[in-house]
Amino acid sequence: MKSTKSVLSLLLIIFLFLLVSYLVQNNIGNIDDYIVEGYFGALMFIFIEITATVFAPISAIPLLPLMSEKYGWFIAGLLSIVGWTIGSVIAFLIARKYGSPLVRKLISLEKISEIEKRIPETNLFW
C-alpha cells in the first residue's frame, strides 16, 4: 500500500512537471509578454524561484531561457541563485520546525533509522 502511494506521488510530480513544461513551451510568447523588465520583473522572478524551491512539484526552470533573454545570462543566473538561496533557507526553517513531526506521521522511526544507516558518515560527496 505504501509503495503504491509512493509510486503514485512520484507519477503525480512527474506529470505536473511535464504539464507545466508543456504549457510554458506552448505559451512562451504569452509568458514573454508578462515578463516585465526592470526591478519588478526581477523581484517577481526571485519570488517564483523561492516558491519553486519551497514547493517541490513547481519548477521555474522553463522560465530561465526567457529571463536570460530579458536580463542576460549573468543577471538571470544571479537572480536564480538569490531565489534558490532564499527558498532553501525557508525550506530549511520549515523542515526544522515541522519536519520531524510530519515525517513521523508518514514513516516509522525504525524505517528512518534504516535509511540513516545507509548514509556514509564520511566522504558523502566524494
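Provided above is the structure to which this section pertains.
A. Looking closely at the overall build of the protein chain. Each helix and strand in the protein chain was counted, giving six helices and zero strands. Scanning the protein chain from its N terminus toward the C terminus, one meets helices and strands in the order α-α-α-α-α-α. Within the span of the protein chain, comprising 126 residues, buried residues form 18% of the whole. Considering only intrachain contacts with a sequence separation of at least 6, the fraction spanning at least 24 residues in the protein chain is 69%.

B. Spotlight on the side chain of S80. As for its placement among the helices and strands, S80 is situated in helix α5 (residues 73-106). Given the relative accessible area of 1%, S80 is considered buried. The residues contacting S80, other than those within four sequence positions of it, are F45, E49 and L64.

C. Structural detail: the side chain of E49. With respect to the element layout, E49 can be found in helix α3 (residues 39-54). Although buried, E49 forms no salt bridge, and the nearest oppositely charged side chain, K70, lies 16 Å from it. Residue contacts for E49: discarding those within four places in its chain leaves A60, L64, S80, G83 and W84.

D. Spatial organisation of the nonpolar core. The biggest cluster of nonpolar side chains holds 10 residues, and these are A42, F45, I46, I50, L63, L66, M67, Y71, A76 and L79. Broken down by secondary-structure element, the contributors of at least two residues to this core are α3, α4 (64-71) and α5. It is α3 that provides the largest number of residues to this core, a total of four residues. With residues near it in sequence (within four places) discarded, I50 still touches G83, I86, G87 and I90.

E. Inspection of the packing of α3 against α4 at higher detail. Between α3 and α4, whose axes approach to 12 Å, the crossing angle comes to 160 degrees. The pairing of α3 with α4 is recorded here as roughly antiparallel in orientation. Between α3 and α4 the crossing geometry is left-handed. In this structure, α3 uses G41, A42, F45 and E49 to contact α4, whose residues at the interface are L64, M67 and Y71. Split into classes, the residues belonging to the contact of α3 with α4 amount to five nonpolar, one polar and one charged.

F. Local environment of a nonpolar patch on the surface. A cluster of nonpolar side chains, V7, L8, L10, L11, I14, F17 and L18, forms an exposed patch at the surface whose accessible area comes to about 660 Å². Along the chain, the position of I14 falls in helix α1 (residues 2-26). Under the relative-accessibility criterion, I14 is labelled partly exposed at 41%.

G. Just the packing of α4 against α5, in detail. In contact at an axis separation of 7 Å, α4 and α5 are set at 130 degrees when each is read in the N-to-C sense. With respect to α5, the element α4 is oriented oblique. Between α4 and α5 lies a crossing whose hand is right-handed. Contact with α4, carried on its side by L64, M67, S68 and Y71, involves W73, I75, A76, L79 and S80 of α5 and no other residues of that element. In the contact of α4 with α5, the residues fall into seven nonpolar, two polar and no charged.

Rules used throughout
Residues numbered from 1 in each chain as written. Predicted model: local features only at pLDDT ≥ 70, side-chain atom pairs only at ≥ 80, totals over all residues. Heavy atoms only, no water. Helix = DSSP H or I, 4+ residues; strand = E, 2+ residues; numbered from the N terminus. Buried < 20%, exposed > 50% of the residue type's maximum accessible area, 1.4 Å probe, protein only. Contact = heavy atoms within 4.5 Å. Lys, Arg positive; Asp, Glu negative; His and termini not counted. Salt bridge = Lys/Arg side-chain N within 4 Å of Asp/Glu carboxyl O. Core = buried A, V, L, I, M, F, W, Y, C linked by side-chain atoms within 4.5 Å. Axes fitted to C-alpha atoms, helices over the stretch in contact; angles between N-to-C directions. Parallel < 35°, antiparallel > 145°, perpendicular 65-115°, else oblique. Left-handed = near helix turned anticlockwise from the far one by under 90°. Nonpolar A, V, L, I, M, F, W, Y, C, P; charged D, E, K, R; others polar. Patch = residues over 30% accessible without salt bridge, like charges linked within 9 Å, V, L, I, M, F, W, Y side chains within 5 Å. Areas by Shrake-Rupley, 256 points an atom, 1.4 Å probe, with all protein chains shown as cover.

These values are about where atoms sit, not about what they do.
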